[in-house]
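# Notes for the structure review
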Amino acid sequence: MLPLLCFCHRYDLLSLYFLLQSCPATQPSMLNVHLVPHTHDDVGWLKTVDQYYYGDRNDIQHAGVQYILDSVLEQLLADPTRRFIYVETAFFFRWWRQQDSATRKAVTMLVNEGRLEFVNGGWCMSDEATTHYSAVIDQMTLGLRFLNDTFGACGRPRVAWHIDPFGHAREHASMFAQMGYDGFFFGRLDYQDKARRIRDKDMEMVWRASESLTPPTADLFTGVLPNGYNPPAGFCWDQSCNDPPIRDDPNLEDYNVDNVVKRFIEIANDQAKMYRTNHIIMTMGSDFQYENANLWYKNMDKLIRYVNAKVRSKVNVLYSTPSCYLQGLHQANLTWSVKMDDFFPYADGPHDFWTGYFTSRPALKRYERLSNSLLQVCNQLEVLGGPNSRKGPYGEGDSDTLQEAMSVAQHHDAVSGTEKQHVANDYAKRLARGWAHCETLVSNALATLSSWEAPREYCLSLNISVCPATENSYKFFLTVYNPLSRMVSWPVRLPVNGSDYMVLQPHGQVLDSQVSLIMAASSIMVSHCYAIKRSVRIFVSSLLKGTQEVGFQPGLIQPFFFVPQFIRVTFDPDTGLMNSLTNLETKQKIQLMQNFYWYNASDGNSADSNQPSGAYIFRPNSSTPIIVSQTAKTYTLKNSVVQEVQQEFSPWVSQVVRLYWGSRELELEWTVGPIPVEDSLGKEVITRLDTNINSSGYFYTDSNGREMLERRKDFRPTWDLKQSEPVAGNYYPINSRIYIKDKVNQLTAVTDRSQGASSLQDGSLEIMLHRRLLYDDVRGVGEPLSEPGDDNKGLVVRGRLLLALTPPKDAADIHRPLAEALVLEPLLAFQTGELHPNTILEFSGLQASLPPAVHLLTLSQWDQESVLLRLEHQFQVTESPTNSQPVTVNLKKLFSTLEVVGVSEMNLSANQWKDEMNRFDWKTSGGEQCPPRRLGDTSPWEITLKPMEIQTFLLRVRQR
């Protein structure tokens, strides 16, 4: 199951010792310069994944990954001292499949001997700002499993390597630590932060990446690379570079060995002043380099030989890898500083904040989030439906296609929105192809679980009220699958052509529903479907005779409000805007004014800087945004299911303020676009919520959808900030939520995709929704961020915010499940015709709901007899009096249809047995001692989860 193909029979301390013997010898009395040959191969950016692999479209960028790997292999085999590292498993996997047995044998030998080392090892090098932790874990698992299955323990990366992402998230560091990595190196660091760290020789540290997990569980040694990920100036010998080669024939007039050696020793000594040990690292490579690896290695061979001949220089140069460099640091046995916050936002100059990509391509960000939800549904139903789910009445389906597409989408130029338009289109096509494969699998699984094989349809355009299955049928059946492990109440809105429908629950009870006219020839039916944990439920909807149309009522001439049950919302009759929000349960009331604004994007023509806004960079011309409209045209709707106010701010901005009966949150469904640019002004559109909450300059954002981090306007915890961009310099990424609070009130906004957000005034929250820009920001993508949409007039984007007003001490009990439900939405499938008499109308995959603090993060098929299970405690250590407590779950009593007959705990990425995972211990300035290893729970079937803990298991199961 976990094959070990090299000489390491078990990956314990002994095997770690043998693996590190492959590192070249260093000199304790000299400065050891670790040359790390590498290539950085984007899994899509200026070209598509396929174009990069095959070397197609070199008119855009000269790059061909298959030729890089071919060339590097030849050069490594030519000299046993040479080393190379590789990162992107998505490319290596494709290359490996095309190799013959002799080539595979040679590569395996290089891996076993440490001459070819995999670092990071995920399917891609993920973005850290706009990715959700569940998708990151999945893509890392996919890549690391391939390496483990192919090369065993010797192929397991020991170092995380994020040399290009544009800022670094604390949750990523926590995940890397729990995946067993010994260290983490990255290239991009805020220019002010870097200057301070260079001055204080603090470029390497221990990152304490969780406030909930006991150290060193989430501690990760972290190093900042000196040159980003490029070689030192003057020492790039790739065919894409112009630096002179080493000319070592003394009979030639342009002999330059002495000059090269002198410059290199000077650079090495200068770099050593930034670090604390007698080891330094130099990245010898860059984007898509080593297509002609001979150029690199021939010159590096000479560099090593001639520098090392200068014994008096006290400089020792060697081919190395990140893990060998890390070993040198570990053996130094120093005490390291501790980092507690994260590395956002990132700026590479006073007016160059990389905070625009937090929102860039909002439709792609939403599609990626929906794809993650479908993938989890697909994985779960593949397990619950058994073998028939992969091959059944609807054909052959699989989860692999969507898994690979989702893994590619985590790349730091994919979901980030920083790719060219044709590449963004390719990412979307890959996801769509994965959806089709998963829909077949899901249909097969649902047919197995329900014993009904009638054709199923999936309406993928419900966000624009399009669903042929409901619009063309007087009677239809709706199957709802809830992927969460607890009951949810989910509003279902379906376009219909009739005016009065009856909705029946699985056992025949009538479910309240309403049909409302939304335009001249279209109606929408709204109902609340209650879905129990990990369950399938089938509802029937039938058109009734007679008419009962309920439409929107225009105009407002007096104050009006919503009071469905738990919340009261009031609106100003003169402006049509919200002006207060009340929680009737807790008797809290705040002033709440919400509107839409846009920042005029810089075109680069200013006295301060020529930096324009672009796909990466957010740089407004002014700190004061321009209001879209002071008033909104309003239309109201009230019925027994939902109350709505539709607000029209302009032809390109509208919103529906919506309260469902029984909800404790207010829904804001916004629609923005096409953003007009006929005035030659780029626009960055925000919604702003202004309240009377006394937030004192503090606000809070999530890290990759998991732990919450405290933010403070114009402040950085680890250096004295000189703020030069008062708006962009205070923007942070949010994956799922942002909130402000005082002693009495907390207002939380939960989002349906990754976005940029801030709090620029006390009591205020702003979230960037959409961007349309006219200039490239000169960071490589080479085109403005101006998405054309279907009609080439500009992209229209629709999304949702959920607002919750709570006492601070109870807030997490509300916003955690809210965010979880937006990430994992119920699946809807439609059928027409007559119901088969033996149809099973209700099914649950779990024996009982899990406790509120526990989330079933992963349930996927591992092999024919095993499934991969991840359970997580989704509350932080102090955020809930009720739910921030340890919780015990019995694995034996978890599933209704599966009997668990064996269990083995694994690390987070499922490429090591947990009891064999050993990481370097690092001494820190806090002086913490390593806690004793957990001996396990009292029963192999009962596991206890502590706050923010994720436990991963390989379960052997059989059908009950």
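Small disclaimer: the values here were computed from a predicted structure and weren't measured.

## A word on the environment of M274
Relative to the helices and strands, M274 resides in the loop between α9 (257-272) and β8 (279-284). Residue contacts for M274: discarding those within four places in its chain leaves I198, K201, D202, M203 and P226.

## Some thoughts on the packing of helix α4 (residues 89-97) against helix α6 (residues 133-151)
It is at 10 Å that the axes of α4 and α6 come closest, and there the two elements cross at 40°. The angle between the axes of α4 and α6 places the two elements in the oblique class. Our pair here, α4 against α6, has a crossing hand that is left-handed. When α4 is examined against α6, the residues T89, F92, F93 and W96 are found in contact with a partner set consisting of G143, F146, L147, T150 and F151. Taken together, the residues that form the contact of α4 with α6 break down as six nonpolar, three polar and no charged.

## Some thoughts on the pattern of salt bridges
Enumeration according to the criterion identifies 52 salt bridges in this entry. Its salt-bridge partner being R188, residue D164 comes within 2.7 Å of it at the nearest N-O pair. Here D164 is found in the loop between β4 (159-162) and α7 (170-178), whereas its partner R188 is found in the loop between β5 (183-186) and α8 (191-200), with 24 residues between them in sequence. Taking relative accessible area as the criterion, D164 reaches 5% and is therefore assigned buried. A salt bridge links E644 to R493, with the nearest nitrogen and oxygen atoms 2.9 Å apart. Linking E644 in strand β29 (residues 642-650) with R493 in strand β15 (residues 488-496), this pair joins segments that are 151 residues apart in sequence. On the basis of relative accessibility, which here comes to 22%, the residue R493 falls in the partly exposed class.

## Notes on the nonpolar core
Within the largest apolar cluster, 123 residues are counted, with the highest numbers of intra-cluster contacts made by V33, F92 and Y290. Ignoring anything within four residues of it in the chain, the contact list for V33 reads F264, A268, I280, M282, V315, N316, V317 and L318. V87, I163, F176 and V206 belong to the second largest nonpolar core, which has 50 residues in total.

## Some words on the environment of E453
Tracing the sequence through the fold places E453 in the loop between α14 (421-450) and α15 (468-471). With a relative accessible area of 56%, E453 lands in the exposed category. Those residues in contact with E453 that lie beyond four places of it in its chain are P393, Y394 and A447.

## Considerations on the sheet that holds strand β7 (residues 219-224)
Spatial ordering of the open sheet is given by β4-β5-β7-β6-β11, a layout of five strands whose pairing is mixed. Taken across any chain shown, the strands that pair with only one partner, and hence form the sheet edges, are β4 and β11 (338-339). The pairing of strand β6 (residues 204-208) with β11 spans two bridges and is parallel. Among the inter-strand pairings, V206 is bridged to a residue of β11, identified as V338. In the packing of α7 onto the sheet, contacts are made with β4, β5, β6 and β7, and the angle to β7 comes to roughly 120°.

## Some details on the state of the cysteines
As used in these notes, a disulfide is a covalent bond between sulfur atoms, one from each of two cysteines. Summed over all chains, the structure comprises four disulfides. One disulfide bridge connects C236 with C241, the sulfur atoms lying 1.9 Å from each other. With its sulfur 2.3 Å from that of its partner, C378 forms a disulfide with C438. Across the disulfide from C378 to C438, rotation about the S-S bond amounts to roughly -105°, and the bridge is consequently left-handed. In this pair, C378 sits in helix α12 (residues 362-385) while C438 sits in helix α14, placing the two residues 60 residues apart along the sequence. Assessed through its relative accessible area of 0%, C438 is described here as buried. For C124, which is in no disulfide, the shortest distance to another cysteine sulfur is to C438 and amounts to 18 Å. Taking the relative accessible area as the measure of exposure, C124 reaches 0% and is therefore buried.

## Digging into the packing of aromatic side chains
Applying the stated rule across the entire model yields 48 aromatic pairs. An angle of 90° between the planes, with centres 5.1 Å apart, marks the rings of F166 and Y357 as edge-to-face. With a gap of 191 residues between them, F166 in the loop between β4 and α7 and Y357 in the loop between β11 and α12 connect regions that are remote in the sequence. Put simply, the rings of Y86, F92, F93, W95, W96, F118, W123, F146 and F151 pair up and form one aromatic cluster. When the ring centre of W336 is taken as origin, the NZ or CZ atom of R276, which lies over that ring, is 4.9 Å away. Directly above the ring of W941 sits K892, whose terminal nitrogen or CZ lies 4.4 Å from the centroid.

## Observations concerning the UniProt feature "domain: Glycoside hydrolase family 38 central" (unreviewed entry) in the chain
The positions that UniProt labels "domain: Glycoside hydrolase family 38 central" (unreviewed entry) are, in the present scheme, residues 352-431. Between the C-alpha atoms that bound residues 352-431 there is a distance of 32 Å. The span itself is 56% helix and 5% strand.

## Points about the side chain of T108
Position of T108 relative to the elements: it lies in helix α5 (residues 101-112). The class for T108 is buried, based on a relative accessible area of 18%. Ignoring any residue separated from it by four or fewer positions in sequence, one finds T108 in contact with W96 and F151.

## A few points about the side chain of R619
With respect to the secondary-structure elements, R619 resides in the loop between β26 (588-600) and β27 (626-627). You can call R619 buried: its relative accessible area is 4%. Looking at R619, its side chain comes within polar contact range of the main-chain oxygen of Q611, at 2.8 Å. Ignoring any residue separated from it by four or fewer positions in sequence, one finds R619 in contact with H351, N600, A601, S602, S606, D608, S609, Q611, S613, E684 and E725.

About the cut-offs
- Residues numbered from 1 in each chain as written.
- Predicted model: local features only at pLDDT ≥ 70, side-chain atom pairs only at ≥ 80, totals over all residues.
- Heavy atoms only, no water.
- Helix = DSSP H or I, 4+ residues; strand = E, 2+ residues; numbered from the N terminus.
- Contact = heavy atoms within 4.5 Å.
- Axes fitted to C-alpha atoms, helices over the stretch in contact; angles between N-to-C directions.
- Parallel < 35°, antiparallel > 145°, perpendicular 65-115°, else oblique.
- Left-handed = near helix turned anticlockwise from the far one by under 90°.
- Nonpolar A, V, L, I, M, F, W, Y, C, P; charged D, E, K, R; others polar.
- Salt bridge = Lys/Arg side-chain N within 4 Å of Asp/Glu carboxyl O.
- Buried < 20%, exposed > 50% of the residue type's maximum accessible area, 1.4 Å probe, protein only.
- Core = buried A, V, L, I, M, F, W, Y, C linked by side-chain atoms within 4.5 Å.
- Pairing = 2+ DSSP bridges.
- Disulfide = S-S within 2.5 Å.
- Phe/Tyr/Trp six-rings, centres within 6.5 Å; stacked < 30°, edge-to-face > 60°.
- Lys NZ or Arg CZ within 6 Å of the ring centre and 35° of its normal.
- UniProt positions renumbered as here; feature names shortened; annotations may be inferred.
- Polar contact = N/O pair within 3.5 Å; in protein donor to acceptor, adjacent residues only side chain to side chain.

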